[in-house]
Amino acid sequence: MSKFYVTTPIYYVTDKPHIGHAYTNTVADVIARWHRFIGDDVFFLTGTDEHGEKIQKAADAAGKPAQEFVDGLAAEYKRVWERLGISYDHFIRTSDKSHEEIVQKFVNRVYANGDIYKGSYEGWYCVSDETFFTDLQLKEGRCPDCGKEVKWIKEESYFFRLSKYQDRLLKYYEDNPGFLSPRTRSDEIKNRVRGGLKDISITRSEVEWGIRFPIDRGHTIYVWVDALLNYITALGWPGGTFGKFWPADIHVVGKEINWFHTVIWPALLFSSGIAPPLKVFAHGWWTVEGRKMSKSVGNVVDPVAMADKYSVDALRYFLIKEMPLGEDGDFSEKGLVARLNGELASDLGNLFYRVLTLAERFNGEIKGAPELEKELELDSIVEAMGKPDTFTALNLIFKFVGSANKYVNDKRPWSQEGDELSNSLYNLLEACRIIALLLGPFMPEASGKMMEQLGVRGGSLKDCSFGKFQGKVKKMGHLFNKVE
Ligand code: MSP
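Criteria and thresholds
- Residues numbered from 1 in each chain as written.
- Predicted model: local features only at pLDDT ≥ 70, side-chain atom pairs only at ≥ 80, totals over all residues.
- Heavy atoms only, no water.
- Helix = DSSP H or I, 4+ residues; strand = E, 2+ residues; numbered from the N terminus.
- Rg over C-alpha atoms; globule rule 2.2 N^0.38 Å.
- Buried < 20%, exposed > 50% of the residue type's maximum accessible area, 1.4 Å probe, protein only.
- Domains from an automatic or database assignment.
- Contact = heavy atoms within 4.5 Å.
- Buried area = accessible area lost by both parts, 1.4 Å probe.
- Salt bridge = Lys/Arg side-chain N within 4 Å of Asp/Glu carboxyl O.
- Polar contact = N/O pair within 3.5 Å; in protein donor to acceptor, adjacent residues only side chain to side chain.
- Pairing = 2+ DSSP bridges.
- Near = heavy atom within 4 Å.
- Core = buried A, V, L, I, M, F, W, Y, C linked by side-chain atoms within 4.5 Å.
- Expected span 1.5 Å × (residues − 1).
- Arc of directions from axis to C-beta.
- Axes fitted to C-alpha atoms, helices over the stretch in contact; angles between N-to-C directions.

## Remarks on the overall build of the protein chain
Move 1: Counting its secondary structure elements, the protein chain contains 17 helices and 15 strands.
Move 2: Whereas a compact globule of 484 residues would reach a radius of gyration of roughly 23 Å, the protein chain reaches 25 Å, a difference of no more than 12%.
Move 3: Along the first, second and third principal axes, the C-alpha set of the protein chain runs to 85 × 45 × 40 Å.
Move 4: Buried positions account for 58% of the 484 residues belonging to the protein chain.

## What to know about the domain arrangement of the protein chain
Move 1: Here the domain parsing of the protein chain yields domain 1 (3-283) and domain 2 (312-317 + 332-463).
Move 2: On a C-alpha basis, the centres of domain 1 and domain 2 stand 40 Å from each other.
Move 3: Between domain 1 and domain 2, the residue contacts involve 16 residues of the former and 18 residues of the latter.
Move 4: Around 1500 Å² of area is buried between domain 1 and domain 2 when both sides are counted, 75% of it from carbon and sulfur atoms.
Move 5: Its largest share of buried area at the contact with domain 2, domain 1 owes to Val30, Trp34 and Phe37, together 46% of the area lost on that side.
Move 6: Asp29 is the partner of Arg316 in a salt bridge, and the nearest nitrogen-oxygen pair spans 2.6 Å.
Move 7: Run the count over domain 1 and domain 2 and you get four residue pairs in polar contact (both at pLDDT 80 or more).
Move 8: The element that contributes the greatest number of residues to the side of domain 1 that touches domain 2 is helix 1 (residues 19-37), accounting for eight residues.

## Let's talk about the sheet that holds strand 4 (residues 116-126)
Move 1: The strand order across the open sheet formed by four strands is 5-4-6-8, and the pairing between neighbours is antiparallel. If you trace the sheet from one side to the other, it starts and ends with strand 5 (131-133) and strand 8 (200-201), each paired once.
Move 2: By the bridge criterion, two bridges tie strand 6 (residues 151-160) to strand 8 in an arrangement that is antiparallel. When the bridges of strand 8 are listed, Phe160 appears paired with Ile200.

## Brief notes about the site of the ligand
Move 1: Around the ligand sit 23 residues in total, of which Ile10, Thr24, Asp49, Glu256 and Trp286 are the nearest.
Move 2: Asp49 is positioned such that a nitrogen or oxygen atom in its side chain is 2.7 Å from a nitrogen atom of the ligand.
Move 3: Taking Glu256, its side chain carries an N or O atom lying 2.9 Å from an oxygen atom of the ligand.
Move 4: Of the residues forming the shell around the ligand, the biggest block, four residues, is contributed by strand 1 (residues 3-12).

## Describing the side chain of Thr46
Move 1: When you line up the elements, Thr46 lands in strand 2 (residues 41-49).
Move 2: Setting aside residues no more than four positions away along its own chain, Thr46 makes contact with Thr8, Pro9, Ile10, Tyr11, Asn25, Trp81, Tyr88, His90, Phe91 and Ile92.

## Re the nonpolar core
Move 1: Ranked by size, the top nonpolar core spans 172 residues in total, and within it Val6, Trp246, Phe331, Leu348, Leu438 and Met443 carry the most contacts.
Move 2: It is helix 16 (residues 418-439) that provides the largest number of residues to this core, a total of 13 residues.
Move 3: Each of domain 1 (3-283) and domain 2 (312-317 + 332-463) gives at least three residues to this core.
Move 4: Within the second largest apolar cluster, six residues are counted, among which are Cys126, Cys143, Cys146 and Val150.

## Re the side chain of His21
Move 1: Take His21: it is sitting in helix 1.
Move 2: With residues up to four places along the chain from it excluded, the contact list for His21 reads Tyr11, Tyr77 and Trp81.

## Structural notes on unusual backbone geometry
Move 1: Residue Pro182 follows Ser181 across a cis peptide bond; omega there is -5°.
Move 2: Relative to the helices and strands, Pro182 is located in the loop between strand 7 (180-181) and helix 6 (186-194).
Move 3: Between Lys387 and the following residue, Pro388, the backbone shows a cis peptide bond with an omega angle of 0°.
Move 4: Along the chain, the position of Pro388 falls in the loop between helix 14 (378-386) and helix 15 (390-411).
Move 5: At Glu130, a position not held by glycine, the phi torsion is positive, near 50°.

## Some thoughts on the pattern of salt bridges
Move 1: According to the stated counting rule, one finds 28 salt bridges in the structure shown.
Move 2: A salt bridge links Glu333 to Lys309; its shortest N-O distance comes to 2.6 Å. Linking Glu333 in helix 13 (residues 333-361) with Lys309 in helix 11 (residues 303-310), this pair joins segments that are 24 residues apart in sequence.
Move 3: A relative accessible area of 52% places Lys309 in the exposed class.
Move 4: If you follow the salt bridges from partner to partner, you end up with Glu53, Lys151, Glu155 and Arg204 in one network.

## Side note on helix 4 (residues 97-112)
Move 1: For helix 4, spanning 16 residues, the distance from its first C-alpha to its last is 23 Å, which sits close to the expected 22 Å at 1.5 Å a residue.
Move 2: Among the residues of helix 4, those classed as buried are His99, Glu100, Ile102, Val103, Phe106, Val107 and Val110. The buried residues of helix 4 occupy one face: seen down the axis, they fall within an arc of 170°. Exposed positions of helix 4 whose direction lies more than 90 degrees from the buried face are Lys97, Glu101 and Ala112.
Move 3: Gly114 lies just past helix 4 and shows a positive phi near 80°.

## Structural notes on the environment of Gly448
Move 1: Within the fold, Gly448 resides in helix 17 (residues 444-454).
Move 2: In sequence terms Gly448 and Gly458 are ten residues apart; their C-alpha atoms lie 7.8 Å from each other.

## Digging into the sheet that holds strand 14 (residues 291-292)
Move 1: The strand order across the open sheet formed by three strands is 14-13-15, and the pairing between neighbours is mixed. At either end of the open sheet lies a strand with only one pairing partner, and these are strand 14 and strand 15 (329-331).
Move 2: Of the strands in this sheet, strand 13 (286-288) and strand 15 are in contact with helix 12 (residues 312-322), which crosses strand 15 at around 155°.

What follows is the structure, given as structure tokens:
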């Protein structure tokens, strides 16, 4: 049994989660569930990023003490993840006492290694992204990432010797070609690192809401250092399950925070003698009906509202199927409804409905030759999920759904009887069983309903070959309902 450690970013608790956050967690959840399905010992981590100036401001605006404010939103995040079927093993909050203690221990170690020195920071700061920028980086005087206003800050600060790790980072990228993923985004990072690295400010003397910097308690630790460390504090570094699960097999992140995860994070780890993660996968961004999603535009999509209206599985399916993993995509309710009515209710739903109707009426023995099995591209599905390429894997599963539907149309089992009908049903029931198994990581609820109707129990990858069908079929209505 191999271990598999998958993480999501920890989200700023300024508001409840939107569809972008739900996307990252759904991708990570599909990966986590897949690895359980293939028999790995999985640790799936998500959580909330609760310190820093941005959160302090949001709490002030809400008229609440910071701790009370973040408690409320962290609870909301947990509720939403539960609703969306996110099967995390641990939910970390950066205001957890254990996290705070380990962060201080880690910073002390980096300091002891001579990689932290005192100086003064002067430059631009985007509170919304909690990021420092130079003059040259700004876009028309605003934050190059989110487009919001930046402010000029000048304060005493401690710096981390990031510049020292340039060569080591480049060598790590070279030796580990899978680390920067997808490929399409790796050149940008390599070029920037080749261009030279500046030391970075890692404490704030003007920000109160954060973890105290142990070397000089007049400072708090820069929120990004605090946040990145969650990936090892959640394991209880240096003890706990750190030895078992570290290095992380994959950090799933959005493209805008790729730099933090592929440059600053491994450099901090190098400094303290810890191995870097094995892979950082930076996915693309959703626009909503062609526009950037934002509060001011008023087009922020609530994933819970979508799940309530169309079912959790329809939402999860849409998120994975609409946007190739790694690329950008556009969210629209119309697009979701089209996939629900077409691919889910018609293609998948009707396959099950037709097969179950025929199987229920049949009272002979179900047996035959595995004719449909050659249409199942199982090796390609496994290979895609290993990358991970959830998009291609789901497409291949649906290609098999298409093959099963074609088999029904070709064989016309409603006009067959005896051994011929038994053979068709054997093939179709086995196909349905394997489809239900493979869809488990993507659509856990629907997959459960499919198994129930087929009268079979759950299983794992090794059960995905045609055998002797042993279910006791019981049709229970449609898997998905069409909407107008
Ligand atoms: N707190 C930091 C992450 C620290 S990780 C050590 C942060 N938080 S965030 O709340 O802003 O969440 C950012 C993440 O949300 C992105 O990396 C991405 O995963 C997801 N998304 C936010 N908006 C998105 C879209 N419009 N589309 C897709 N995903 C997006 O950054």
